[in-house]
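# Examining the three-dimensional arrangement
Each chain, letter by letter, is given below.
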Amino acid sequence: MVPGGSDPPAGIDGHLSVVLGRQVWVSLYVSRARAVRKPLLQVIDAAGRTCAFAKLGVDPFTRALVRAEGEAVRILSLHEWDTLRMPTVLHAGRWHGHELLVQGAFSRGVAPRENSPELRRAMREVACVHGIVSAPLGISSYWEHVLGRIAALPGGEYQPLILRLAAAIERIGGRTDLAFGSSHGDWAPWNMTTTGGQLLAWDWEKFETDVPVGFDAVHFSIQGAVVLSGTAPAAAFAAALRNAEQLLAGLSSRSDAGELVVLLYGLHIALRYIEDGELSAGAGRMSRLATWLPDLLGMAQGR
């Protein structure tokens, strides 16, 4: 029952009214077709205020994403942050067999710039949240995991490029000590806002540990350039390689490891698009590997 004793209306709005303890209504955001696409619901109360946002996983892949985000936010919310803030989990459960995550809304500020101090501080906090370890890339647990992902690829037109890129990276930096920490996984301007010296970040479904420190900085730079500025992906990678030292400033103790981290990010994100099925989902420009992966391979082989 919803407050007032009336029967809840059928559907997700009724269910949300029950779990939130007040009458609410929802509006549905519809994004372009992607493998990761799922219903995103804006939850509105009787006063017309946005009081929450809800995600609903509707197939095995998106259900796993919603479940992973809920678990990540639950664990990360136990940490004492200085600059970073994240939504509060109001409810995590299932609705008609689908994974449901309800998070509290917060006031929007402004999208951070690449050089904003709040962004840099928050990136450091995320990277360090579960500690930092250093190891030569070629014998790191991260690289072992990457090689396992490559071995598990089903084949296809991009596998030879992936194999050659991994070989070039290992030749360049296999003996280079890298710092490994945590990553938001989709650290992009549209997933965060700054206000009052703090950075509020959402969409934690791709949170990872044991990845090269600096992945979030590279992701922010490349994805922002491609999506917001219309830069060709290959040109965005070339710019990131030129500016690698600046991108990783204050994030890594190795000022000479920036280019290696950019190349590793390119390999990492290409593997993600393949594994997630984004190549055939009509997604954005970055998922069209043919437009940038050969160029990135050439950049790596030229080093």
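### Overview of the overall build of the protein
Check the secondary structure of the protein and you find ten helices and eleven strands. The C-alpha radius of gyration computed for the protein amounts to 20 Å, which stays within 12% of the reference 19 Å derived for 303 residues, consistent with globular compactness. Judged by the C-alpha coordinates and their principal axes, the protein covers about 70 × 45 × 35 Å. In the protein, which comprises 303 residues, the share counted as buried stands at 50%. In the protein, 70% of the contacts between residues at least 6 apart in sequence involve partners at least 24 apart. With the model as given, the accessible surface of the protein reaches about 13800 Å², and the carbon-plus-sulfur share is 52%. Put simply, the protein has 28 plus and 29 minus side-chain charges, and the middle of one group is 4 Å from the middle of the other.

### Details of the sheet that holds strand β7 (residues 133-136)
Strand order in this open sheet of three strands is β7-β8-β11, and the pairing throughout is antiparallel. Taken across any chain shown, the strands that pair with only one partner, and hence form the sheet edges, are β7 and β11 (208-212). If you compare each strand with its neighbour and ignore which way they point, the axes differ by 35° on average. The strands touched by helix α9 (residues 258-276) within the sheet are β8 (177-183) and β11, with β11 carrying the most contacts at an inclination of about 135°.

### Here we look at the pattern of salt bridges
Within this structure, the stated rule accounts for 13 salt bridges. The partner of D45 in a salt bridge is R22, and the shortest N-O contact between them spans 3.5 Å. Taken as a pair, D45 in strand β2 (residues 40-45) and R22 in the loop between α1 (12-20) and β1 (24-29) lie far apart in primary sequence, 23 residues in all. R22 sits in the partly exposed class, given a relative accessible area of 36%. The salt bridge involving E99 is made with R94; its shortest N-O contact spans 2.7 Å. Judged by its relative accessible area of 11%, E99 is buried.

### Description of the confidence of the model for the protein
Per-chain confidence: the protein averages 92 in pLDDT, with 95% of residues scoring 70 or above. Averaged over each element, pLDDT in the protein is lowest for β1 (91) and highest for helix α7 (residues 233-242) (98).

### Observations regarding the sheet that holds β2
Within the open sheet, the five strands sit side by side as β1-β2-β3-β6-β5. Their pairing is antiparallel. Of all strands in the sheet, those bounded by a partner on one side alone are β1 and β5 (89-95). Within this sheet the neighbouring strands show an average axis-to-axis angle of 25°, counted without direction. With five bridges connecting them, strand β3 (residues 50-56) and strand β6 (residues 98-104) associate as antiparallel partners. In the strand pairing of β6, L56 is matched with L100. On the sheet, α1 packs against β1, β2, β3, β5 and β6 and is oriented at approximately 130° with respect to β1. Most of the contacts of helix α2 (residues 60-76) go to β6, to which it runs at about 40°, and overall it touches β3, β5 and β6.

### Quick word on the packing of aromatic side chains
Per the counting criterion, the structure on display carries seven aromatic pairs. The interplanar angle of 35° and the centroid separation of 5.9 Å between the aromatic rings of Y142 and F180 together place this pair among those described as tilted. Note that Y142 is positioned in helix α4 (residues 141-151) and F180 in strand β8, a separation of 38 residues in sequence. You can call Y142 buried: its relative accessible area is 2%. Their ring planes at 55° and their centres at 6.1 Å tell us that W204 and F207 sit as a pair that is tilted. Both residues of the pair, W204 and F207, count as buried. Here the aromatic cluster, defined as three or more aromatic residues joined through ring pairs, consists of Y142, F180, F215, F237, Y265 and W292.

### Topic: the packing of helix α5 (residues 159-173) against α9
The interhelical angle for the contact between α5 and α9, taken along N-to-C directions, is 155°, at an axis separation of 10 Å. The angle between the axes of α5 and α9 places the two elements in the roughly antiparallel class. Crossing of α5 against α9: the hand is left-handed. Contacts between α5 and α9 involve I162, L165, A166, I169, I172 and G173 on the former and, on the latter, L260, L263, L264, L267, A270, L271 and I274. Considering only residue class, the contact of α5 with α9 consists of twelve nonpolar, one polar and no charged.

### What to know about the environment of L247
Looking at where L247 falls in the secondary structure, it is placed in helix α8 (residues 244-247). Taking relative accessible area as the criterion, L247 reaches 4% and is therefore assigned buried. A C-alpha to C-alpha distance of 8.8 Å links L247 and N115, two positions 132 residues apart in sequence. If we ignore the near neighbours within four places in the chain, the residues touching L247 are E114, R120, A217, V218, S221 and A240.

How each quantity is defined
Residues numbered from 1 in each chain as written. Predicted model: local features only at pLDDT ≥ 70, side-chain atom pairs only at ≥ 80, totals over all residues. Heavy atoms only, no water. Helix = DSSP H or I, 4+ residues; strand = E, 2+ residues; numbered from the N terminus. Rg over C-alpha atoms; globule rule 2.2 N^0.38 Å. Buried < 20%, exposed > 50% of the residue type's maximum accessible area, 1.4 Å probe, protein only. Contact = heavy atoms within 4.5 Å. Areas by Shrake-Rupley, 256 points an atom, 1.4 Å probe, with all protein chains shown as cover. Lys, Arg positive; Asp, Glu negative; His and termini not counted. Charge placed at Lys NZ, Arg CZ, Asp CG, Glu CD. Pairing = 2+ DSSP bridges. Axes fitted to C-alpha atoms, helices over the stretch in contact; angles between N-to-C directions. Salt bridge = Lys/Arg side-chain N within 4 Å of Asp/Glu carboxyl O. pLDDT = per-residue confidence, 0-100. Phe/Tyr/Trp six-rings, centres within 6.5 Å; stacked < 30°, edge-to-face > 60°. Parallel < 35°, antiparallel > 145°, perpendicular 65-115°, else oblique. Left-handed = near helix turned anticlockwise from the far one by under 90°. Nonpolar A, V, L, I, M, F, W, Y, C, P; charged D, E, K, R; others polar.

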